[in-house]
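# Coordinate inspection notes
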Amino acid sequence: MGKSAAAVLYQCAECGWRSTKWAGRCGECQGWGTVAEVRAAASGRAGLRSPGWAGQLGASGSAAISIADVDVSSAGARPTGLDELDRVLGGGLVPGAVVLLAGEPGVGKSTLLLEAGALAAEAGPVLYVTGEESAAQVRLRADRIGAVSQHLYLAAETDLSAVLEHVDVVGPGLLIVDSVQTITAAGVEGTPGGVTQIREITAALMAVAKQRTLTTVLVGHVTKDGSIAGPRALEHLVDVVLQFDGDRHSPLRMVRALKNRYGPTDEIGCFELGEYGLIGLPDPSGLFLSQLREPVPGTCVTVTLEGSRPLVAEVQTLVCASTADMTRRVTSGLDAARVGMVLAVLQRRAGVTIGRQDVYAATVGGVRLTEPSVDLAVALAVASAASNLSVPPDLVAIGEVGLAGEIRRVPGIQRRLAEAERMGFRRAIVPPGSAGLPGSAGLPRTADAAAGPGRPGTGLLTDVREAGDIREAIAAALGGSPAKG
């Protein structure tokens, strides 16, 4: 018998895009050769109707009630015990929420969740399901970081039915699945970690989480370009998407919320990864500054905002004669497109000739700066390197650079200047209309500036200058127009 056209679908193995006709190129992610045939019966909610776990999900229907009668007392966020993680989550984990934590291999995802699970176990049972390691391997890590608790239960499982059975037996208040790509569901086509498997497993775990008011944290893998592996629908299904990243050669780790139905998405949590686990960094500004005894051309300090948190960070640049036929533009921790734009503005609007020279731009401490307010610091650092004149070490530069060479205002200027003053900086260059503040940043004046620039102290921000365009900013920072390179 021939195949029924209604029973056959074609699905992309990368993003989950579906079509009733085969195509050599995916219509969603534009990948070549990723579309393959998949049975419609297997790609539907067959997993949710499977006899192995249909009974565990219970009845799906409930009577509708007035929104005024809904009890919200049990839906408040519960702190995890890790302040930096709670900052990103918006106060803690919400009962019944499904959180997806993604990051590169070895960045510390399992360590972070093991610590959070041990702290949460003080209030009730926690189930940690590991599909990548044995229970003994997880126990060794827990001993090393001090995350051993009698109410933290481990299960080395890769079958979804077995995971749900453990949930029934333990009755946890928090379920951690490390990772969702290693779990398989019987009766669902596809290889472990495939689009169909991930979609059905996530849907089943979400159904259990909502029914039992069970907070669930899923660990997700990332692809080579840093995006979350699996179908895009995975990010739409879950309530919170967290990105955990950091340079493997640096102890600094950062967690960001890419999606959060219960809190902000512009906060950042900072951790230091050491031999004994992760340590929260409530004041990370000092990590992003170099400890130079003498001023060096090509460096400039700025203040960026990550959510409500101001961070003082240093930009370093190097301009040198090119040794190849084609000049190089290399960036690390900065947006390469914005750095290229700033270089073009410097050449055209400020007369800084760097066309035949290599330019290298980087941040200190492994921090990634993508906010437009960093433009002015990048411009001053490049102008400083090109002219071989040093920017004063007690100066910060804040502002966005436009293509016409103008300096544009940025939000949160008061918080930025207050943080600069706290760190001991005494001078600042800001966009027009930003310096008309009482005192330096609306704070009471103090005379103690002994801490020095880049070190926490009371400081005294005595000179806040407005610069309307890039030429004015260079003159204010370097004492005149830079020499042409």
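In what follows, the structure referred to is the one given above.
The following refers to the structure shown.

Basis of the calculations
- Residues numbered from 1 in each chain as written.
- Predicted model: local features only at pLDDT ≥ 70, side-chain atom pairs only at ≥ 80, totals over all residues.
- Heavy atoms only, no water.
- Patch = residues over 30% accessible without salt bridge, like charges linked within 9 Å, V, L, I, M, F, W, Y side chains within 5 Å.
- Areas by Shrake-Rupley, 256 points an atom, 1.4 Å probe, with all protein chains shown as cover.
- Salt bridge = Lys/Arg side-chain N within 4 Å of Asp/Glu carboxyl O.
- Helix = DSSP H or I, 4+ residues; strand = E, 2+ residues; numbered from the N terminus.
- Buried < 20%, exposed > 50% of the residue type's maximum accessible area, 1.4 Å probe, protein only.
- Expected span 1.5 Å × (residues − 1).
- Arc of directions from axis to C-beta.
- Phe/Tyr/Trp six-rings, centres within 6.5 Å; stacked < 30°, edge-to-face > 60°.

## Points about a nonpolar patch on the surface
- On the surface, Ile65, Ile67, Val70 and Val72 cluster together into a nonpolar patch covering about 440 Å² of accessible area.
- Here Val70 lies in the loop between α2 (51-57) and α3 (83-89).
- Given a relative accessible area of 42%, Val70 falls into the partly exposed group.

## Some words on the side chain of Thr216
- Looking at where Thr216 falls in the secondary structure, it is placed in strand β8 (residues 215-220).
- The class of Thr216 is buried, set by a relative accessible area of 1%.

## Some details on helix α9 (residues 336-349)
- Over its 14 residues, α9 extends 20 Å from the first C-alpha to the last, a length consistent with the 20 Å expected when each residue adds 1.5 Å.
- Residues Val339, Val342, Leu343, Val345 and Leu346 constitute the buried set of α9. Within α9, the buried residues cover an arc of 160° as seen down the axis, which keeps them to one side. Exposed residues on α9 whose side chains face more than 90 degrees from its buried face are Ala337 and Arg348.

## Notes on the packing of aromatic side chains
- The tally for this structure, following the rule as stated, stands at one aromatic pair.
- Ring geometry for Phe244 versus Phe271: centroids 6.4 Å apart, planes at 75°, classification edge-to-face. Note that Phe244 is positioned in strand β9 (residues 240-245) and Phe271 in strand β11 (residues 268-274), a separation of 27 residues in sequence. The same class applies to Phe244 as to Phe271, namely buried.

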